[in-house]
Amino acid sequence: MLTVVLSGLRARWASFLGGFLALALGVGLLTTMGLGLSATFHAPERSPQRFASSPVVVQGQDRLTLDVRRGPDTVPVSQRLDRPQPVDKELVRELRTRWPLTESGGPDAVGLDAPAAEVRALVGDRARVLTGDERLNADPDPERDAQALVGLNALLGTTGGVTAFVSVFVVASTFAFAVALRRREFGLLRTAGATPGQVRRILLAEATALGVLASAAGCALGAAGAPLLARALVDGDLAPEWFAVGDAVWPFHLAFWTGLTVALAGAVAASRRAGKVGPAAALREADVDTDVLPLGRALLGTGLLLTGLGLLVWTCVTEPSELLKRKTYTTLPMLLTGGVALLSPLLVRPVARLLRLRGAVGTLVRENSAASVRRTAAVAAPVLVTVALAGTLFGSAASVTRTRGVEAREQTAAQYVVSGEDLGSVADAPAGAVLSPTASTSLFVRDGAEAVVKYGARAIADPAAFAELARLPVVAGDLRDLDDRSIVVNEEFERHRVGETVEIWRADGSGPVRLRVVAVLALGTGDNGPYVTRANAPGALLDRIDARGGGAATARALEASGGTVRTADAWAEAAHPASSPQTRLGMILVLGIALVYTVIGLANTLLMATSVRGGELASLRLAGATRAQILRVVTGEAALATAIGTLLGLGVTAAVLGTLGAGLASLSAPVALVLPWATAGAAAAVCAAVAVAASALPAWRLTR
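Computed from a predicted structure; not experimentally measured.

Here we look at the overall build of the protein chain
Alright, step 1. Scanning the protein chain from N- to C-terminus turns up 20 helices and 16 strands.
Alright, step 2. Burial status across the protein chain gives 48% buried among its 704 residues.
Alright, step 3. Considering only contacts within the protein chain whose residues lie at least 6 apart along the sequence, 80% involve residues at least 24 apart.
Alright, step 4. Of the roughly 31700 Å² of accessible surface on the protein chain, 59% is carried by carbon and sulfur atoms.
Alright, step 5. Side-chain charges in the protein chain split into 66 positive and 59 negative, and the spacing between the mean points of these groups amounts to 14 Å.

Structure representation (structure tokens):
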């Protein structure tokens, strides 16, 4: 059997080349993404800067710790404050009487050279005592390195998931189609006495050899590509300047064994069908496909399709805000796309039959596409995956961003908006102008007895002006009732009825404070957070001023605040840009992987499919067809299959974006959907060009 396997690999090296390249590239990308992902788990170690010369640092409390229920017991849960509390002045005096202090950059921490145990005994629970590497917590923005890796971790995780999804699909599809083309070969083996088990073992042995070689090559390719990826991420401002891949070993193991498993999994299903081929298959002359959708593929495709649709509808009904998160609109469309792609053979023939193509060439294109369902579906499926990914990823991200911009603009009646950090007051505003300064703050609220939730909130400096300019989606109550003893909440709060009392802790950890609910807002896209007055936001700095009235004189007066003055329209567009360069680069990275795989899959499938059509094309020449007509037939079939895949991909996109629109409507948010025609069209055009070229070249050679 080994001799048969090796002879088959040598004789059919061109057929196996596409699968080898796809699998090697997939393993390489998985290795690269895994190495990049491993580097995002831990930020680099840094030495303390602010109190580098002080072995002990006393810092004000920087966390709010509350007891919550866990089963029959209670456990402490901590949430980080916006900024550490100042060290108590009495404690500072006690420390100063015993040791010399180092004060640097604010009242939140002091450094000293003293025995840590004695300092802890004196401080008790009035502050935190930091030693060693813990002194980093006293530096400005101590978590900046870890926070810089959060978005990068999500991007690489998403890219790795797309890579795994597309590689599994392309490799499995390539194996399945290659087996379908070898039906007569297997019939000859059966005629020569080969058993079904021997046929299956031949295919599995070929897949094992291909999987081992391609996975090994992919690991080497990934090791070389990981530093290039890190450099590209840094250059594209997707990663901090210090980011670099590490020397983790697990990405190589994960990628290698994943590649081998994918190769074997793709061969298992194909080998089962190959084992059922009888000796009579060697005598077949017709290329009309039968049994194009095996039971296993039908069940898997139906399951994925129903699961994807079910989860989309369930999420839209129960937690519509989840549809706005990248994890959701990346994961769920993959299930839907995979289901439609697996069931595509059922859709190819009806769609092809519906077309009314003119002339003899058009008739042949339509009938050949409908008769050769496996070939047409094998071409349409990778196009479907690429177009669906382009439409759902780019469309969902752009729709969410545009909706938030429209929502922000609709929620203010201001003519001008000033934005900046620590804005100053506007003393010479013209008569008739209404100014509403606000600040960003945080509130901590118990969510039942089991959790403590930190909300981003807005602190209102002038409640009357705020009520006049705000156009928030109020579902109950009145914004004009907001004062120092009340709060405006959204429907996400556990207590969100007007008149109820909410217990909150302020951004500096002070509290609890009981505030009465005076208005309830629709949840929207998630930016309709709670609103309080500045009395409940100690230390919050003004970062936005809404203004209306007074004409151009108001705009000139607002410049004295020290912020950026824009019209409300320009502010909404700047605060929620259609697409940042970083987001666009990340999406292009994800789509680029899918497109590369599609190109490989299309080229390999069509080169194999067209190369075995010599007898068919010769019959057309004998029937009077010219060489140009035959080329038009072959390329027309490729173009038709690409068009079918594009239509199916747009159908998946419409389903996902339609569900997103329904979710936005249920959140009382504006529905501003974006269908990325340019991106989806470019992906479809590349697929069509590759498909036409990959079918025309072997057809031109066969018709010489």
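Picking up where we left off.
A word on a negative patch on the surface
Alright, step 1. A surface patch of negative charge is lined by Glu319, Asp447, Glu450, Glu492 and Glu494.
Alright, step 2. For Asp447, the position within the fold is in strand 8 (residues 434-447).

Considering the pattern of salt bridges
Alright, step 1. A full pass over the atoms with the stated rule returns 16 salt bridges.
Alright, step 2. Put simply, Asp82 and Lys454 hold a salt bridge, and the shortest N to O gap is 3.3 Å. Here Asp82, found in the loop between strand 3 (73-80) and helix 3 (89-98), pairs with Lys454, found in strand 9 (residues 451-460); they are 372 residues apart in sequence, far enough to count as distant.
Alright, step 3. Of the charged contacts in the structure, one is a salt bridge between Glu637 and Arg375, with a shortest N-O distance of 3.1 Å. Of this pair, Glu637 sits in helix 19 (residues 627-666) while Arg375 sits in helix 13 (residues 373-410), and the two are 262 residues apart along the sequence. Here Glu637 and Arg375 have matching classes, each one buried.
Alright, step 4. Salt bridges sharing partners connect three or more residues here, namely Asp62, Arg80 and Arg128.

Points about unusual backbone geometry
Alright, step 1. Located in the positive-phi region is Asp422, a residue other than glycine, with phi close to 50 degrees.
Alright, step 2. Checked against the element boundaries, Asp422 lands in the loop between strand 7 (416-419) and strand 8.
Alright, step 3. The backbone phi angle of Ser668 is positive, close to 60 degrees, even though this residue is not glycine.
Alright, step 4. Following the sequence through the fold, Ser668 ends up in the loop between helix 19 and helix 20 (677-702).
Alright, step 5. Looking at Ser668, the relative accessible area reads 46%, which means it is partly exposed.

Details of the packing of aromatic side chains
By convention here, two paired aromatic rings are described through the distance between centres and the angle between planes.
Alright, step 1. The final tally for this structure, using the stated rule, is 4 aromatic pairs.
Alright, step 2. Centroid distance Phe41 to Trp250: 6.4 Å. Interplanar angle 15 degrees. Geometry classified as stacked. With Phe41 in the loop between helix 2 (13-38) and strand 1 (56-59) and Trp250 in helix 8 (residues 250-275), the pair connects residues that are 209 residues apart, well separated along the chain.
Alright, step 3. Residue Phe41 is classed as partly exposed on the basis of its relative accessible area of 44%.
Alright, step 4. Ring plane angle 90 degrees and centroid distance 5.1 Å describe the contact between Phe256 and Trp257, whose orientation is recorded as edge-to-face.
Alright, step 5. Taking the relative accessible area as the measure of exposure, Phe256 reaches 19% and is therefore buried.

Points about the pairing of strand 11 (residues 486-490)
The side chains of a regular strand alternate between the sheet's two faces.
Alright, step 1. In terms of burial, strand 11 is a largely internal element, 5 of the 5 residues being buried.
Alright, step 2. Of the strand pairs in this sheet, strand 11 and strand 13 (residues 513-521) are connected by 5 bridges, and their pairing is parallel. Bridge pairing links Val489 to Val520 in strand 13.

Notes on the environment of Gly550
Alright, step 1. Along the chain, the position of Gly550 falls in the loop between strand 15 (542-548) and helix 15 (552-558).
Alright, step 2. Along the chain, Gly550 and Ala431 lie 119 residues apart, while their C-alpha atoms are 6.5 Å from each other.
Alright, step 3. Among all residues touching Gly550, those that are not within four sequence positions of it are Pro430, Ala431, Gly432 and Ala433.

Some thoughts on helix 3
Alright, step 1. Along helix 3, the residues that are buried comprise Leu91, Val92 and Leu95. When helix 3 is viewed along its axis, its buried side chains cluster within an angular range of 100 degrees and face the same direction. Exposed side chains of helix 3 directed beyond 90 degrees from the buried face belong to Lys89 and Thr97.
Alright, step 2. On its buried side, helix 3 packs onto strand 1, strand 4 (101-103), strand 5 (109-112) and helix 4 (116-123).

Focus on the environment of Ala172
Alright, step 1. Relative to the helices and strands, Ala172 is located in helix 5 (residues 144-181).
Alright, step 2. The exposure class assigned to Ala172 is partly exposed, which follows from its relative accessible area of 28%.
Alright, step 3. It is 9.5 Å that separates the C-alpha atoms of Ala172 and Val268, two residues lying 96 residues apart in sequence.

Some remarks on the sheet that holds strand 5
Alright, step 1. Within the open sheet, the 4 strands sit side by side as 4-5-1-6. Their pairing is antiparallel. Edge positions in the sheet fall to strand 4 and strand 6 (128-131), since each of these pairs with one other strand and no more. In this sheet, neighbouring strand axes are inclined to one another by 30 degrees on average, regardless of whether the strands run parallel or antiparallel.
Alright, step 2. In terms of strand pairing, strand 4 meets strand 5 through 3 bridges, oriented antiparallel. Residue pairing for strand 5: Thr102 is matched across the bridge by Gly111.

Re the nonpolar core
One recurring pattern in soluble globular proteins is that nonpolar side chains are buried together.
Alright, step 1. By size, the foremost hydrophobic cluster in this structure holds 70 residues, and its most contacted members are Val166, Leu233, Phe243 and Tyr597.
Alright, step 2. Top contributing element to this core by residue count: helix 13, with 11 residues.
Alright, step 3. Residues in contact with Val166, not counting those within four places in the same chain, are Val385, Leu389, Ala594 and Tyr597.
Alright, step 4. Formed by 16 residues, the second largest nonpolar core is a distinct cluster that contains Val58, Leu101, Leu112 and Leu122.

Criteria and cut-off values
- Residues numbered from 1 in each chain as written.
- Predicted model: local features only at pLDDT ≥ 70, side-chain atom pairs only at ≥ 80, totals over all residues.
- Heavy atoms only, no water.
- Helix = DSSP H or I, 4+ residues; strand = E, 2+ residues; numbered from the N terminus.
- Buried < 20%, exposed > 50% of the residue type's maximum accessible area, 1.4 Å probe, protein only.
- Contact = heavy atoms within 4.5 Å.
- Areas by Shrake-Rupley, 256 points an atom, 1.4 Å probe, with all protein chains shown as cover.
- Lys, Arg positive; Asp, Glu negative; His and termini not counted.
- Charge placed at Lys NZ, Arg CZ, Asp CG, Glu CD.
- Patch = residues over 30% accessible without salt bridge, like charges linked within 9 Å, V, L, I, M, F, W, Y side chains within 5 Å.
- Salt bridge = Lys/Arg side-chain N within 4 Å of Asp/Glu carboxyl O.
- Phe/Tyr/Trp six-rings, centres within 6.5 Å; stacked < 30°, edge-to-face > 60°.
- Pairing = 2+ DSSP bridges.
- Arc of directions from axis to C-beta.
- Axes fitted to C-alpha atoms, helices over the stretch in contact; angles between N-to-C directions.
- Core = buried A, V, L, I, M, F, W, Y, C linked by side-chain atoms within 4.5 Å.

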